[in-house]
Every structure is written in C-alpha cells, then in structure tokens.
Amino acid sequence: MNDTFKGFLRNDGKVGVRNHIAIIPSVFCSAKVAERIAYQVPGCVYFRHPVGCSQVGEDLEITAKTLISIGKNPNFAGVVVVGLGCERFSSYELAEGIAPANKMLETVVIQKEGDSLAAIQKGSRIAREMQQIASRQVREEVPVSELMIGLNCGGSDMTSGLIANPALGHASDRLVKNGGTSLLSEITELLGTEEILARRAVNAEVSNDILETVRRTEEKLFRQTQQSSNIERTHLISKGNYDGGLSSVVEKSLGSMKKSGKASFSGVVSYGEQPKSKGLYLLDSPGHDGEVSTGQVAAGAQMILFPTGRGTPTGFPGVPVIKITGNPNTYERMKENIDINAGEVLLGNKTLEEMGEGIYQEIIEVASGKQVKAEILGHDEQFCVTRLP
C-alpha cells in the first residue's frame, strides 16, 4: 500500500497539497476588493468574512488568530492581505502574523492606494507575480506523516454513525499510525461521549482537558437553550437528522466520535491554534460545519474528510473537502457532489475495513493532486470564523 504522496515543500518545513495564492481581507470592508483580485488571477482563492472590526477582547483575538493561521496553511504558496486602513485588526498585523511561515506575502491597503480600482489593480499585479512563481514549483514525494486531516461531518443520517464514520475512523487510524495528524472536532456533537474519549487520552492531563472541553460546551448550550423564546430553537440536532433516522444528540454523538477511530488522543487544540506535535487531537469548536472546517484549516489541515448521510455540496477555499456517504441512495442522488460511496458496505459489497482502506488511499491521491468534486464545482462555502457571544 502507498504511504507517500506528492506535495509542495514549503520554506517552514511544512507540505502543501495545493499551490494556491490566498487573498485574505483583514476586515469585511475589504472583502469585495479581495474577491475582485482573486477573480482577476487564476489560481487564487479568497476568504470572504464579516469580521475584523467592532470586535473586542477574546472575540477579536480569535478572529486574529484564525485569519493569521489560515494564511500560514501550507496549501497557500503566497498570500495577499487586503485591508481598508482603519480597521481594528489591521492588515499589517495580519501580515506580520503570517510572516513566520516564510512564504510570498504582500499587503494592499485600500485607503492608502486611493480607491477600490487602484487597490484591485495593485493587488492583481502582485497576485499575478506570485502565481507565476508558484506555477514553477513541482510536487515532491514525501511521507504521509506530513499530512494533517480534519474530520468533519454534516447532514448526518443513521448510516453516518453505522458506516461512513467508522470507515473514516479506520482511515484516520492508518494515517495516525504512519505518523500523520488527525483532528476530531464538533464538540456539540460529541455530548455524552466525553468519558469514552477521555479514556483514550495519552495521559491524565489530556483526559481532563477533553472532559473540560465538553463540559464548557454543555454549559454554553444550556444557557442558550434556556434563553430561547421558541421551543423549536432548542433542539440540538437538525430536522434533517431526525428525518434521517437519528433520535437524539447522544445517538448522533456516539456515531460522530467514530470518525476518530481507535487511536489515542495526544491533546486538545484551541480554536485558531495548531497542534504542537503529530497524532490525533480534539479541536475545540462549535458544531457549525463552516466554523469546524475553518478551525481545522487554521490548525494546519491540508484537507477535510466529510461524511454526509443526507448530502451536502459545500467546500472550502483552497482546501479539498472529500465527501463520503454511507447512504447509497444519497450517493445516487448527489453523484456530482459526493466523492466516496461508503454505502457499498450497506449493500454488502465491501467490509468496513476495505472501505476504510479505500478512503485512506483516496486521501493520498487527493494529497497528490486529484481534485475532489467540491473543488471542480467551485464550492467554497465552509470558510466561517467562529464568534464568541
């Protein structure tokens, strides 16, 4: 079996599976200019967001950490930071945070350039020059220990916890065993499993961190549901989950945790930060698909593995999102969006272990350049920086 992939070596020692130029606005006011720059130059991706100003304290700090860490992700050969000029989280602070990654990096400030058209013109020229340099870089063979994957899911049904998630867990175990890194998240969808997860910790400190992370989420959810004036807003799983055969958040959680396989947890990672070593980690984040994927990419994940029983088309800018379903009917309906039909297990055509091995090999192929369906169709909806209430 192949345990290497072909990726792009970066100056900071990391390896990218894509070679894009990222156009990152430091504030929502500069998002349209960033978008126009990206549209002018093929090979660029941009990160529209509604944050960067009128935030205070830890809420703003999480925004800063997340945008900086996105810029550091090894899938991006270069970054053009686009600012307005008067925002609270300045474009220069964002660029300074990205600088230690030692990649191509420039800043465009709209107020400094004079207007949108001037900023677009300058940013497009810079992005074009970066893209020309990046286009000359070739992939090199490296071990899978250089890979970090994010484990996410959305639109779950009963087949998710029975088939797709356990098969992905097998692939995650294979990666971790070979020295790679895997990130389990969606804490709101792990409620009730914390004792099980804590028993898989490498030591007592990590075990306590896991328990404390889930406890904080439970307390937050309790406050939010008590404050709701609409009983329909207090449900912890979606209507689609119910329709797909899930009865409660605990049943969903028991299936959701299976994405992490059986490996030991090496630690807990805060949102916007990165693991200090390789292995399996729990990433502290809400259950919102976009906020989860964004936190995982900020942590350094070069790709996302995404089981979905009900089906979803979404993707992430510059980061491949491999869609997996355990429901063969969903696969037939959404062939153009879903990459792997784990429903072959339900039909008796493959075992869970065989499907898990197939997912592992797909990870390697995608890391080596194979495009996933979300990339081909241009889906990039999952970028979403989390906010503190």
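Residues numbered from 1 in each chain as written. Predicted model: local features only at pLDDT ≥ 70, side-chain atom pairs only at ≥ 80, totals over all residues. Heavy atoms only, no water.

Asks: What exactly am I supposed to notice about the overall build of the protein here?
Replies: Helix and strand counts for the protein stand at 15 helices and 14 strands. Relative to the 2.2 N^0.38 estimate, which gives 21 Å for 389 residues, the radius of gyration of the protein is 20 Å and therefore close to what a compact globule would have. Judged by the C-alpha coordinates and their principal axes, the protein covers about 60 × 50 × 45 Å. A burial count over the protein gives 58% of its 389 residues as buried. For the protein, the share of sequence-separated contacts (at least 6 apart) that also reach a separation of at least 24 residues comes to 72%. With an accessible surface of roughly 16,200 Å², the protein has 50% of that area assigned to carbon and sulfur atoms. Put simply, the protein has 41 plus and 46 minus side-chain charges, and the middle of one group is 3 Å from the middle of the other. (Helix = DSSP H or I, 4+ residues; strand = E, 2+ residues; numbered from the N terminus. Rg over C-alpha atoms; globule rule 2.2 N^0.38 Å. Buried < 20%, exposed > 50% of the residue type's maximum accessible area, 1.4 Å probe, protein only. Contact = heavy atoms within 4.5 Å. Areas by Shrake-Rupley, 256 points an atom, 1.4 Å probe, with all protein chains shown as cover. Lys, Arg positive; Asp, Glu negative; His and termini not counted. Charge placed at Lys NZ, Arg CZ, Asp CG, Glu CD.)

Asks: Can you help me understand the sheet that holds strand β1 (residues 4-9) in this one?
Replies: Sheets are built from strands paired through backbone hydrogen bonds, the pairs being either parallel or antiparallel. Here we have three strands laid out as an open sheet, ordered β2-β1-β7, and antiparallel in their pairing. The open sheet terminates on both sides in strands that have one partner only, identified here as β2 (15-16) and β7 (140-143). (Pairing = 2+ DSSP bridges.)

Asks: Explain the nonpolar core to me, please; I cannot follow it from the model alone.
Replies: Soluble globular proteins tend to bury their nonpolar side chains together. Within the largest apolar cluster, 30 residues are counted, with the highest numbers of intra-cluster contacts made by Phe5, Met303, Leu305, Ile322, Ile324, Ile359 and Ile363. Those elements that provide at least two residues to this core are β8 (148-151), α6 (158-177), β12 (303-307), β13 (321-325) and α14 (352-367). With seven residues, the single largest contributor to this core is α14. If near-sequence neighbours (up to four positions away) are discounted, phenylalanine 5 is found in contact with Val15, Val17, Glu140, Glu141, Val142, Pro143, Val144, Glu146, Leu147, Ile364, Ala367 and Ser368. Counting residues in hydrophobic clusters, the runner-up holds 26 residues, among them Ile24, Val45, Ile98 and Phe316. (Core = buried A, V, L, I, M, F, W, Y, C linked by side-chain atoms within 4.5 Å.)

Asks: Is there a simple way to explain a negative patch on the surface in this structure?
Replies: Together, Glu58, Glu61, Glu93 and Glu96 make up a region of like negative charge exposed at the surface. Within the residue set of the negative patch, elements represented by two or more residues are α2 (57-72) and α3 (91-98). Here glutamate 93 shows up in helix α3. A relative accessible area of 38% places glutamate 93 in the partly exposed class. (Patch = residues over 30% accessible without salt bridge, like charges linked within 9 Å, V, L, I, M, F, W, Y side chains within 5 Å. Salt bridge = Lys/Arg side-chain N within 4 Å of Asp/Glu carboxyl O.)

Asks: Please clarify how the pairing of strand β6 (residues 104-109) should be interpreted in this entry.
Replies: A regular strand places its side chains on the two faces of the sheet in alternate fashion. Pairing of strand β5 (residues 76-83) with β6, which is carried by six bridges, proceeds in the parallel orientation. Among the inter-strand pairings, valine 80 is bridged to a residue of β6, identified as glutamate 106. Between the parallel elements β5 and β6, the chain passes through α3 in a crossover that is right-handed. (Right-handed = clockwise from strand over helix to strand, strands pointing away.)

Asks: Can you help me understand the pairing of β13 in this one?
Replies: When you tally the buried positions in β13, you get five out of five residues, the bulk of the element. Residue alternation in β13 divides its side chains into two sets, Val321, Lys323 and Thr325 and Ile322 and Ile324, and both sets are buried. Bridge analysis of β12 against β13 gives four bridges, and the strand direction is parallel. Directly across from isoleucine 304, in β13, lies its bridge partner valine 321. Note: β13 against strand β14 (residues 340-341), two bridges, orientation parallel. From the neighbouring strand, isoleucine 324 faces β14, where its bridge partner is isoleucine 340. Note that the unit made of β13, helix α12 (residues 328-333) and β14 has a crossover that is right-handed.

Asks: Looking at this structure, how should I read the sheet that holds β13?
Replies: Taken in spatial order, the seven strands line up as β10-β11-β9-β8-β12-β13-β14 in an open sheet, and their pairing is parallel. Pairing within the sheet leaves two strands with one partner each, and these edge strands are β10 (265-269) and β14. Note: β10 against strand β11 (residues 279-283), four bridges, orientation parallel. When the bridges of β11 are listed, phenylalanine 265 appears paired with leucine 280. Lying over the sheet, α6 contacts β8, β9 (181-184), β11, β12 and β13, oriented at roughly 155° with respect to β12. (Axes fitted to C-alpha atoms, helices over the stretch in contact; angles between N-to-C directions.)

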